[in-house]
Amino acid sequence: MSTFPRIALGATCPSFDLRAITWALLDVLQRHGVQVQKFRSQASFCPWDASATITGQGSRHLDSWTMDLAECRRAFCRGARSSDLALIDGCFSAAPPDHAAAAIGSRLDTICGWLNVPRVVVVDAHDIEACRLPERPSADAILLSGVASSRDYFYWQTALQALWSIPVIGGMQTRPVLREAVRHLPPGAPPSRELCRQLGDALLPHFNYKALRHLAQSAEFPIDSSDIDDHVAPTPASTPTSTPTSTSTPTPNVTVAMAYDDAFCGYFPDTLDLLEDLGVRLMDFSPLRDGQLPAGTDIVYFGCGKPEQFAHELSGNECLVHALRNHLCAGKRIYAEACSLAYLCQHLETPETGRVPMVGILPAVARRNPVMQPPRPLEVTLARHTWLGNAGMHLRGYLNTTWNLEFVGRVQPLCAEPGHEHDLVSRHQAVGSRMHLNFASQPDFLRNFSRPHPAALAWSGLT
């Protein structure tokens, strides 16, 4: 049996903002020389992520709704094998386990059960009343937030340990200035290293590192990691449902050009890992700086991004705009996901930028939603055949509502579900999705990225 040191960190109140205490914990662990791999308990992207700032490694993703038990364990092992400790954050739900999955998406509680993860529940000291404690959480340890002073911390540590029989392993002092700094971070802007260090300073005086380390090492991993195949081996086109066991890397026969710069950086690491295992050659390029696509590009892949922050720079790179149009006109493939979908539209529109011309592959105007909403779980059925998948196949992901699309020309709606027809659309060989889709948990779609695809008839219709 292998043991991956690991903990789950979460509150029981969905509205509680975990950012400050999570970033503080990452910083404190980094000071102790612990290399942490952070996992989100939902396969969608968060507007604020300090993982790369503090640890040098971006967050990875687990999901009990889009993944089955085996894939969740494989994804965890892939991500955690090179770290000293894995931290999975999210919300411990009070909903019953049989609650409709479509309404709640992934559950941190389910992931903890699948991976046998010790639970650290965050309790806000502001919510504790001397005569009325909150309901006792199902937890292996407690981490206090909003502690007023050392006296306050030790008082509640003693009281909660006596009443709940759960160890309190730390408390973060209240720092209103830091709380406001976190609250007012612009979407898509990572916190500064200095802010993370100051958050760590607020936790460090009342943090029991040895207790957390012991807790993280106390639970055996459910199965031996050597029994988990870390790779998704390539599947012959004639047998798409077979599962070969070979882990040798095949000769690359498809080149995927991945947009990667300050405007586009939202990719699921597991998807990229498995694409390379399937023999795909991944090449990155910058829509902000490059004037052409990498040589031999078969598929252009746009992950989630923040094109509105660079709208004029993207619009001004006319060489790349023409390169993308020519790529599509040659019958080749493009895939764009979530916020990057706005870049492929004719225009992008926000109150700050006004209406700015974009690539024009999709005949639509993308308008930013004035109200930011968290991604919500969505399962759709493909209504038509595309290079990405065949009619009747099911996709699970998280709908991103940052952008509302007004179509001003013809596109092919790809979803069969009423009201969601345009959450996945295509135009010729371009496919755009309003959902965050982690293809690592949906191997039939992942393999279609790795297979050569006959170019469609060349056409000229982009104006």
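Anything mentioned here points back to the structure above.
Below you will find a few notes about this structure. Please read all numbers here as calculations on a predicted model, not as lab measurements.

### Looking at the packing of helix H1 (residues 19–31) against helix H8 (residues 193–203)
At a minimum axis distance of 7 Å, the contact between H1 and H8 shows a crossing angle of 85°. Regarding the angle of H1 to H8, the classification is roughly perpendicular. Packed against H1, whose contacting residues are Ala20, Trp23, Ala24, Leu25, Asp27, Val28 and Arg31, the element H8 presents Arg193, Cys196, Arg197, Leu199, Gly200, Asp201 and Leu203 at the interface. A class-by-class count of the residues in the contact of H1 with H8 yields eight nonpolar, one polar and five charged.

### Section: the packing of helix H7 (residues 176–183) against H8
In the contact formed by H7 and H8, the axes pass within 11 Å of each other and the chain directions differ by 140°. Between H7 and H8, the angle is such that the two are oblique. The interaxial crossing formed by H7 with H8 has left-handed handedness. Listed contacts from H8 to Leu178, Ala181 and Val182 of H7 are Leu195, Gln198 and Leu199. A class-by-class count of the residues in the contact of H7 with H8 yields five nonpolar, one polar and no charged.

### Considering the layout of surface pockets
The volume enclosed by the second largest pocket comes to roughly 530 Å³. Forming the walls of the second largest pocket are 21 residues, and the residues nearest its centre are Ala11, Thr12, Cys13, Glu135 and Pro137. It is strand E5 (residues 119–124) that provides the largest number of residues to the lining of the second largest pocket, a total of five residues. Per-class residue counts for the lining of the second largest pocket are 11 nonpolar, four polar and six charged.

### What about helix H10 (residues 269–277)?
Judged by how many residues are buried, H10 sits mostly within the fold: seven of nine residues are covered. For H10, the secondary structure elements touched by its buried residues are strand E3 (60–61), helix H3 (69–80), strand E8 (254–259), strand E10 (280–285), strand E11 (299–302) and helix H14 (443–450). Positive backbone phi, at 100°, marks glycine 279, one or two positions downstream of H10.

### Describing the environment of alanine 430
Within the element layout of this structure, alanine 430 appears in strand E22 (residues 430–433). The buried category is assigned to alanine 430, whose relative accessible area is 1%. If we ignore the near neighbours within four places in the chain, the residues touching alanine 430 are Leu328, Ile334, Ile361 and Val425.

### Some details on the pattern of salt bridges
As a working rule, side chains carrying opposite charge can pair if their charged atoms are close by. By the definition in use, this model includes 19 salt bridges. Note that arginine 183 is salt-bridged to glutamate 180, the shortest N-O span being 2.7 Å. One end of the pair, arginine 183, and the other, glutamate 180, are both in helix H7, three residues apart, so they sit about a helical turn from each other. What makes arginine 183 partly exposed here is its relative accessible area of 48%. Classification of glutamate 180 as partly exposed rests on a relative accessible area of 33%. Across the pair arginine 447 and aspartate 444 runs a salt bridge whose closest N-O atoms are separated by 3.7 Å. One end of the pair, arginine 447, and the other, aspartate 444, are both in helix H14, three residues apart, so they sit about a helical turn from each other. Of the residues examined, aspartate 444 reaches a relative accessible area of 38% and is grouped as partly exposed. Among the charged side chains, a salt-bridge network with shared partners connects Arg60, Glu71, Arg74, Arg78, Asp270 and Asp273.

### Some words on the sheet that holds E5
Spatially, the seven strands line up as an open sheet ordered E3-E2-E4-E1-E5-E6-E7, and their pairing is parallel. Each edge of the open sheet carries a strand with a single partner, namely E3 and strand E7 (168–173). Where strand E2 (residues 36–40) and E3 come together, two bridges link them in parallel fashion. In the sheet register, arginine 40 faces E3, and the bridge partner there is histidine 61. Each of strand E1 (6–11), strand E4 (85–91) and E5 is contacted by helix H5 (residues 108–115), which is oriented at about 150° to E4, the strand it contacts most.

### Digging into the packing of aromatic side chains
The geometry of an aromatic ring pair is captured by the separation of the ring centres together with the interplanar angle, meaning the angle of the planes. One pass over the full model with this rule turns up 20 aromatic pairs. Relative to phenylalanine 449, the ring of tyrosine 301 lies with its centre 5.6 Å away and its plane at 45°, an arrangement referred to as tilted. Taken as a pair, tyrosine 301 in strand E11 and phenylalanine 449 in helix H14 lie far apart in primary sequence, 148 residues in all. On the numbers, 5.5 Å between centres and 70° between planes, the contact of tyrosine 335 with phenylalanine 439 is edge-to-face. One end of the pair, tyrosine 335, is in strand E13 (residues 333–337); the other, phenylalanine 439, is in the loop between strand E23 (435–436) and H14, with 104 residues separating them in the sequence. An aromatic cluster of three or more residues is present, and its members are Tyr260, Tyr267, Tyr301, Tyr335, Trp387, Phe439 and Phe449. Taking the ring centre of tryptophan 48 as reference, the NZ or CZ of arginine 19 above it sits at 4.4 Å.

Quick notes on the rules
Residues numbered from 1 in each chain as written. Predicted model: local features only at pLDDT ≥ 70, side-chain atom pairs only at ≥ 80, totals over all residues. Heavy atoms only, no water. Axes fitted to C-alpha atoms, helices over the stretch in contact; angles between N-to-C directions. Helix = DSSP H or I, 4+ residues; strand = E, 2+ residues; numbered from the N terminus. Parallel < 35°, antiparallel > 145°, perpendicular 65-115°, else oblique. Contact = heavy atoms within 4.5 Å. Nonpolar A, V, L, I, M, F, W, Y, C, P; charged D, E, K, R; others polar. Left-handed = near helix turned anticlockwise from the far one by under 90°. 1 Å grid on protein atoms, 1.4 Å probe; cavity = no way out; pocket = protein on both sides within 12 Å on 5 of 7 lines; lining within 4 Å. Points joined across faces, edges and corners; volume = space filled by probe spheres on them. Buried < 20%, exposed > 50% of the residue type's maximum accessible area, 1.4 Å probe, protein only. Salt bridge = Lys/Arg side-chain N within 4 Å of Asp/Glu carboxyl O. Pairing = 2+ DSSP bridges. Phe/Tyr/Trp six-rings, centres within 6.5 Å; stacked < 30°, edge-to-face > 60°. Lys NZ or Arg CZ within 6 Å of the ring centre and 35° of its normal.

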